[in-house]
Amino acid sequence: MCGFGNMYFSPQRKEANTIMNQIKSALKIALCAIVLAISFTSYAKDVNSQKTAAFPDLHSALVGAEFNNEKITALENRMRQFVSDGDTMGIATLLVHDGKVVSHTQAGVRDMIAGAPIAEDTIYRIYSMTKPITGVAMMKLYEQGNFSLDDPVSKFIPEFKDLEVVKSYEKDGSFEVEALERQPTMRELMSHTAGFAYGLYGGDPANLAFMKQGVLGSADLQVFIDKVATIPLMHQPGKHWFYSAAVDIQGAIIERITGMTLAEYFSSEIFVPLGMPDTAFYVSADKTDRLSDVFAYHPETKKFQRMPFIEQKYNRLGDMSYRKETLRMESGGGGLVSTLADYARFCQMLANGGELGGVRVLNAASIELMRTNVLSDQQNMNIAGTLTEVESDRLGFGLNVGTIRTSAAEKSGISKGSYYWGGAAGTWFWIDPANNLYFIGMIQRFQQGGPVVDFRGVSQALVYDALLK
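Residues numbered from 1 in each chain as written. Predicted model: local features only at pLDDT ≥ 70, side-chain atom pairs only at ≥ 80, totals over all residues. Heavy atoms only, no water.

Draft legend 1. Main features of the pattern of salt bridges. Counted by the stated rule, this structure contains 13 salt bridges. If you follow the salt bridges from partner to partner, you end up with Asp121, Asp278, Lys287 and Arg290 in one network. (Salt bridge = Lys/Arg side-chain N within 4 Å of Asp/Glu carboxyl O.)

Draft legend 2. How the structure looks around the packing of helix α2 (residues 69-84) against helix α12 (residues 455-466). Between α2 and α12, the least distance of the axes is 8 Å, while the angle of their chain directions is 165°. Classified by the angle between their axes, α2 and α12 sit roughly antiparallel to one another. Relative to α12, the crossing made by α2 is right-handed. Facing Lys71, Ile72, Ala74, Leu75, Arg78, Met79 and Phe82 of α2, the residues of α12 in contact are Phe455, Val458, Ser459, Leu462, Val463, Asp465 and Ala466. Of the residues assigned to the contact of α2 with α12, the class counts are 10 nonpolar, one polar and three charged. (Axes fitted to C-alpha atoms, helices over the stretch in contact; angles between N-to-C directions. Helix = DSSP H or I, 4+ residues; strand = E, 2+ residues; numbered from the N terminus. Parallel < 35°, antiparallel > 145°, perpendicular 65-115°, else oblique. Left-handed = near helix turned anticlockwise from the far one by under 90°. Contact = heavy atoms within 4.5 Å. Nonpolar A, V, L, I, M, F, W, Y, C, P; charged D, E, K, R; others polar.)

Draft legend 3. Quick peek at the sheet that holds strand β3 (residues 116-117). Pairing in this open sheet of eight strands is antiparallel, and the strands run β3-β2-β1-β16-β15-β14-β13-β12 from one edge to the other. The open sheet is flanked by β3 and β12 (395-397), the only strands paired with a single partner. The pairing of β12 with strand β13 (residues 402-404) spans three bridges and is classified as antiparallel. From the neighbouring strand, glycine 396 faces β13, where its bridge partner is threonine 403. Contacts from α2 reach β1 (90-97) and β2 (100-111), with the element oriented near 15° to β2. (Pairing = 2+ DSSP bridges.)

Draft legend 4. The pairing of strand β15 (residues 428-432), seen in detail. Of all five residues making up β15, five are buried, and the element is well covered by its neighbours. Residues Trp428, Trp430 and Asp432 of β15 are buried on one face, and the alternating residues Phe429 and Ile431, pointing to the opposite face, are buried as well. Pairing geometry for strand β14 (residues 419-422) and β15, over four bridges, is antiparallel. Residue pairing for β15: tyrosine 420 is matched across the bridge by tryptophan 430. (Buried < 20%, exposed > 50% of the residue type's maximum accessible area, 1.4 Å probe, protein only.)

Draft legend 5. Expanded view of the nonpolar core. With 114 residues, the main nonpolar core has Ile249, Phe266, Ile270, Tyr343, Phe346 and Ile440 as its most contacted residues. Ignoring sequence-local partners within four residues, the contact set of phenylalanine 266 consists of Ile133, Thr134, Ala137, Ile254, Phe271, Phe281 and Leu336. Ile123, Phe309, Met320 and Val337 belong to the second largest nonpolar core, which has 14 residues in total. (Core = buried A, V, L, I, M, F, W, Y, C linked by side-chain atoms within 4.5 Å.)

Draft legend 6. Spatial organisation of the packing of aromatic side chains. All told, the structure shown has 21 aromatic pairs when counted by the stated rule. Both rings, one in tyrosine 127 and one in phenylalanine 446, keep their centres 5.7 Å apart while their planes meet at 65°; by these two values the pair is edge-to-face. Separated by 319 residues along the polypeptide, tyrosine 127 in the loop between β4 (124-125) and α3 (131-143) and phenylalanine 446 in the loop between β16 (437-442) and α12 bring together distant segments of the chain. For phenylalanine 446, a relative accessible area of 0% puts it in the buried group. Considering the side-chain rings of tyrosine 343 and phenylalanine 346, the 5.3 Å spacing of their centres and the 55° angle between planes classify their relative orientation as tilted. Here phenylalanine 346 and tyrosine 343 lie together in helix α9 (residues 340-351), a separation of three residues that amounts to about one turn. Its relative accessible area of 0% is what places tyrosine 343 among the buried residues. What links up through ring pairs into an aromatic cluster is the set Tyr198, Trp241, Tyr243, Phe397, Tyr420 and Trp421. A cation over a ring is seen here: arginine 78 above phenylalanine 82, with NZ or CZ 4.2 Å from the ring centre. We note arginine 456 situated over the ring of tyrosine 420; from NZ or CZ to the ring centre the distance is 5.2 Å. (Phe/Tyr/Trp six-rings, centres within 6.5 Å; stacked < 30°, edge-to-face > 60°. Lys NZ or Arg CZ within 6 Å of the ring centre and 35° of its normal.)

Below is the structure:
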């Protein structure tokens, strides 16, 4: 559930298992515990405002008839406890219902050395929460007739015309390939069923090749495409779901269709219209003091500390400063930074059916298409084996977002048809159309050997407990 835009992994094969174990841990925390919350006070504020800040003034107010105030307080107290318990150094959360802020919480620090607290303008690495933004960009092009979901990916990336597929492989690294039965489609690309690998986990030849070639650390999207074109697919198109580099491929497609860089297209079509000034692929010099530290458990001391670690061998996640001069490829799969306020405006646009403050970004039908499960009963999503059978059965996938395909086994109360995703450093969100609410959580915490804490599950259960039925 998480993307690690701009990462570089060591090409040494002997390190592959160590890297995969670290990444699997990070994926587990991001998938099963996608994180947040902590409080100042509950209040009501209109998120549909044209102001760039979604919640500029904190003040006390009654939540209203839809929520139990005492239980909202319990939600905020529990979120605050994550900091006091040492599970995260900083946290911020936002709960919005009917376009009004029900709860905004923040606690802890963004800068451990300076002691600077989490603030409304704190900038976070959102990693794979970039993916839904890329999905919206793709759907804009879809609405304009630039592609069909049944189009072959090779129509836009001709370098993929002669892709092969891993047929079988052995423990010694040897493997056989076979020809494509058919070209993967755009629908499969947008639902992680096309067969591409990622290089974040998995000991198969395709994922190992991603690691060896440093695919995710490519200098630009053309270099990225050239490398992916040399690596066989994991399976025949449409056969299985596997969390993949497909969204970075989509970024390359956006550039080829529009003739713009990914950053230029995102800015002109999404960030500027929605009033998201702090969402970008890099942090400008005048904003660096607002970028949160990122924390992880040291592999040897097991202490929760600021990254990067002194020992370079433990820094597998690439540059974390997000300076323009260190930026490599613009990763549609995991390269953006954002603030809670900016991402709230993105979520509110989706919750409104594609419009915000008089600006229409997408048609409601396109959002409905994005959040509609496209997986068959035989295609369960499960990242690095982190989900139980019940969890993988109830979760589906649409176009660049995860979906709740059934609420029967959902203990928290989230509705069928809700959609969500999260990021490798602990950010997460979900949108529940049936209850017209969304929740966003921001932290900067990698798992890497520490205790697994279900931030997402805890926050979700408390939100629906507070919602009056």
